[in-house]
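Chain by chain, the residues:
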Amino acid sequence: MQLTQKESGLLKDLKGQEKLCAEKYTQYSSRAADPQLKNLFTQIAQIEQQHLETLTQIETGTPPAPSGGSQAQPSFTAAYTGDTPEKQADCYLCSDVLATEKHASSLYDTCIFEFQDEAVRNTLNHIQKEEQGHGKMIFDYMSVNGMYEAQPGGSAQG
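Procedures and definitions
- Residues numbered from 1 in each chain as written.
- Predicted model: local features only at pLDDT ≥ 70, side-chain atom pairs only at ≥ 80, totals over all residues.
- Heavy atoms only, no water.
- Helix = DSSP H or I, 4+ residues; strand = E, 2+ residues; numbered from the N terminus.
- Buried < 20%, exposed > 50% of the residue type's maximum accessible area, 1.4 Å probe, protein only.
- Contact = heavy atoms within 4.5 Å.
- Areas by Shrake-Rupley, 256 points an atom, 1.4 Å probe, with all protein chains shown as cover.
- Axes fitted to C-alpha atoms, helices over the stretch in contact; angles between N-to-C directions.
- Parallel < 35°, antiparallel > 145°, perpendicular 65-115°, else oblique.
- Left-handed = near helix turned anticlockwise from the far one by under 90°.
- Nonpolar A, V, L, I, M, F, W, Y, C, P; charged D, E, K, R; others polar.
- Core = buried A, V, L, I, M, F, W, Y, C linked by side-chain atoms within 4.5 Å.
- Phe/Tyr/Trp six-rings, centres within 6.5 Å; stacked < 30°, edge-to-face > 60°.
- Disulfide = S-S within 2.5 Å.
- Expected span 1.5 Å × (residues − 1).
- Polar contact = N/O pair within 3.5 Å; in protein donor to acceptor, adjacent residues only side chain to side chain.

Trainee: What should I look at first to understand the overall build of the protein in this one?
Mentor: Broken down by element type, the protein carries 4 helices and 0 strands. Secondary structure elements of the protein, listed N to C terminal, follow the sequence α-α-α-α. Residue burial in the protein is summarised as follows: out of 158 residues, 44% are buried. Considering only contacts in the protein between residues 6 or more positions apart, those separated by 24 or more positions represent 79%. For the protein, the accessible surface area stands at approximately 8100 Å², while carbon and sulfur atoms represent 51% of it.

Trainee: What should I look at first to understand the packing of helix 2 (residues 35–59) against helix 3 (residues 85–114) in this one?
Mentor: How two helices pack is summed up by the angle between their axes together with the distance between the axes. At a minimum axis distance of 13 Å, the contact between helix 2 and helix 3 shows a crossing angle of 25°. Taken together, the axes of helix 2 and helix 3 are roughly parallel relative to one another. The way helix 2 lies across helix 3 gives a crossing that is left-handed. Seen from helix 2, the contacting residues are Leu37, Phe41, Ile44, Glu48 and Leu55; seen from helix 3, they are Asp90, Leu93, Cys94, Val97, Glu101 and Tyr108. A breakdown of the residues in the contact of helix 2 with helix 3 according to their chemical character gives 8 nonpolar, no polar and 3 charged.

Trainee: Is there a simple way to explain the nonpolar core in this structure?
Mentor: One recurring pattern in soluble globular proteins: nonpolar side chains tend to sit buried together. Counting residues in hydrophobic clusters, the biggest one holds 21 residues, and the most contacted among them are Phe41, Ile138 and Met142. Looking at this core, the elements with two or more residues in it are helix 1 (5–31), helix 2, helix 3 and helix 4 (118–144). If you look at the next biggest cluster of nonpolar residues, it comprises 14 residues, including Leu55, Ile58, Ile112 and Phe115.

Trainee: How should I be thinking about the packing of aromatic side chains in this particular structure?
Mentor: Between two aromatic rings, the relevant description is the distance of the centres plus the angle of the planes. Going through the model one piece at a time under the given rule, you end up with 3 aromatic pairs. Look at Tyr28 and Phe41: their rings are 6.3 Å apart centre to centre, the planes differ by 55°, and that puts the pair in the tilted class. Of the two residues, Tyr28 sits in helix 1 while Phe41 sits in helix 2, which places them 13 residues apart along the sequence. According to the relative accessible area criterion, Phe41 is buried, its value standing at 0%. With a centroid separation of 5.4 Å and an interplanar angle of 90°, the aromatic rings of Phe76 and Tyr141 are classed as edge-to-face. Taken as a pair, Phe76 in the loop between helix 2 and helix 3 and Tyr141 in helix 4 lie far apart in primary sequence, 65 residues in all. What makes Phe76 buried here is its relative accessible area of 13%. Here the aromatic residues Tyr25, Tyr28 and Phe41 are joined through ring pairs into a cluster of three or more.

Trainee: Just to check I follow, could you spell out the state of the cysteines for this structure?
Mentor: Here, the word disulfide means a covalent bond between the sulfur atoms of two cysteines. Scanning the model with the defined rule gives 0 disulfides in all. Of all cysteine sulfurs in the structure, the one in Cys94 sits closest to Cys91, which takes part in no disulfide; the separation is 6.8 Å. The class of Cys94 is buried, set by a relative accessible area of 0%.

Trainee: Before we go on, may I ask you to explain helix 2 in this structure?
Mentor: Residues lying three or four places apart along an α-helix face the same way, a consequence of the helix completing one turn every 3.6 residues. Compared with the 36 Å implied by 1.5 Å per residue over 25 residues, the 36 Å span of helix 2 between its first and last C-alpha is a close match. Here helix 2 has its buried residues at Leu37, Leu40, Phe41, Ile44, Ala45, Ile47, Glu48, His51, Leu52, Thr54, Leu55 and Ile58. Against the buried residues of helix 2 lie helix 1, helix 3 and helix 4. Backbone nitrogen of Gln36 and a side-chain oxygen of the N-cap are separated by 3.2 Å at the start of helix 2; the cap is Asp34. At the exit of helix 2 stands Gly61, carrying a positive phi of roughly 95°.

Take a look at the structure:
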């Protein structure tokens, strides 16, 4: 499979986004106060690293087949009962990665339409769905912990 110049540029952008995602989740897993959130960030970091590896395979001309499995959506229990500094810090981390996931999903949306090879488009579509799943997990965690309504800075995230 030969990539066009445009496809190569888009892959470079996607790889940069996935690298950023993997690094953020890895760093944020060590900064999160709630063990549930630490675990969630660690799990997502591993998936983001897999995305980066998949994009590297596409770049070298070997698009892998999308895996058939879907991500299990974890359930969360409320970790915070009041507005503590730990809750505020975890809310900030969640808000930041949620915005990052929205951006990643949008970037994939554009790229899906730009690639000629159907197998590559299917792989990118699969990754985009996983990115949306990450956003759902972060949203669910924030909702259970009363974080989604009151974002840092006083504005609602949406």
